[in-house]
Amino acid sequence: MSAAPEIGPVLALVLVALAVSAALLVHLGDLRLGRDMLVVSARAAVQLTVVSLLIAAVLRSAGWTAVFIAGMVVVAAATAGKRITGSAVRSGRWTVLPIAAGVAPVLGLLLASTLVPSRPVAVLPIAGIFIGGAMTATGLTGRRALDELTTRRGEYEGGLALGLMPRDAALEVCRPAAALALYPALDQTRTVGLVTLPGAFVGVLLGGADPVEAGAIQLLVLIGLLAIESIAVLVTLELVATGRLHGAVSNGRS
């Protein structure tokens, strides 16, 4: 018997009910994200439907799988860039660096060591998890760093007055806040198996693998994410400190 939910009217009704409930709750709480809840839910439904139809064809070819992964990186960079500065186009060309710098060496190591088979069906899902983690870390780091430079402008200028270079003064101000971007990955790794059963573990189990094998794969993913997100945070912090990623206030500091 399949563990997947049955596709039909019941699934649609439950999804609509959950999305509307989320939107209503944040609206009543005056969080001003009610519309966003509905929009992202609808987008997720459309995107997953399209991907589900495309994925079978993509997985037949290593070349198309590589193209698909490259597209994921582009979308992730644009999303992180928009989160940081509000402009996906202007910032996306820079946010692709921390994402690629984090994902490429870790994924390359896993493939070179044969821990992840060089087959599209194995590479694509792990690449997606890694890219998603790098995107989140990049977006959080950049946003927090720019917010700190805005709210602690006086400290930044004080550092300049003491003779610090602009990059060094910026790092002194925004480094502690940027480190908070690693907390989700740290908490997920710290509580795995105790609080959460992450997606890779559950997916492998549903695919019929042994629980020990599922645990090993999940551990590989979690530790890989720690490395990837650490790289993404450091590269993003450098981009902010050197003025390549900037907001309206921090734009004039260099």
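This text goes with the structure placed above it.
Reading the values: rules and limits
- Residues numbered from 1 in each chain as written.
- Predicted model: local features only at pLDDT ≥ 70, side-chain atom pairs only at ≥ 80, totals over all residues.
- Heavy atoms only, no water.
- Core = buried A, V, L, I, M, F, W, Y, C linked by side-chain atoms within 4.5 Å.
- Buried < 20%, exposed > 50% of the residue type's maximum accessible area, 1.4 Å probe, protein only.
- Helix = DSSP H or I, 4+ residues; strand = E, 2+ residues; numbered from the N terminus.
- Contact = heavy atoms within 4.5 Å.
- Salt bridge = Lys/Arg side-chain N within 4 Å of Asp/Glu carboxyl O.

What about the nonpolar core?
Now for step 1: Ranked by size, the top nonpolar core spans 21 residues in total, and within it Ile 99, Val 103, Phe 130 and Ile 131 carry the most contacts.
Now for step 2: Those elements that provide at least two residues to this core are helix H3 (62-85), helix H4 (88-112), helix H5 (120-151) and helix H10 (211-241).
Now for step 3: Among the elements that line this core, the one with the most residues is H5, at 8 residues.
Now for step 4: Non-local contacts of Ile 131, meaning those with residues more than four positions away in its chain, are made with Ile 69, Met 72, Val 73, Ala 76, Ile 99 and Val 103.
Now for step 5: The next biggest cluster of nonpolar side chains, apart from the first, holds 16 residues, and it includes Ala 145, Leu 171, Ala 178 and Val 240.

Quick look at the pattern of salt bridges
Now for step 1: Within this structure, the stated rule accounts for 7 salt bridges.
Now for step 2: A salt bridge links Arg 143 to Asp 147; the shortest N-O distance between them is 2.9 Å. Of this pair, Arg 143 and Asp 147 both sit in helix H5, separated by 4 residues, roughly a single helical turn.
Now for step 3: The partner of Glu 148 in a salt bridge is Arg 152, with the nearest N and O atoms 2.9 Å apart.

Considering the environment of Gln 218
Now for step 1: Among the secondary structure elements, Gln 218 is positioned in helix H10.
Now for step 2: A residue is classified by how much of its surface remains accessible, and Gln 218, at 4% relative accessible area, is buried.
Now for step 3: The spatial distance from the C-alpha of Gln 218 to the C-alpha of Thr 189 is 9.8 Å, given a sequence separation of 29 residues.

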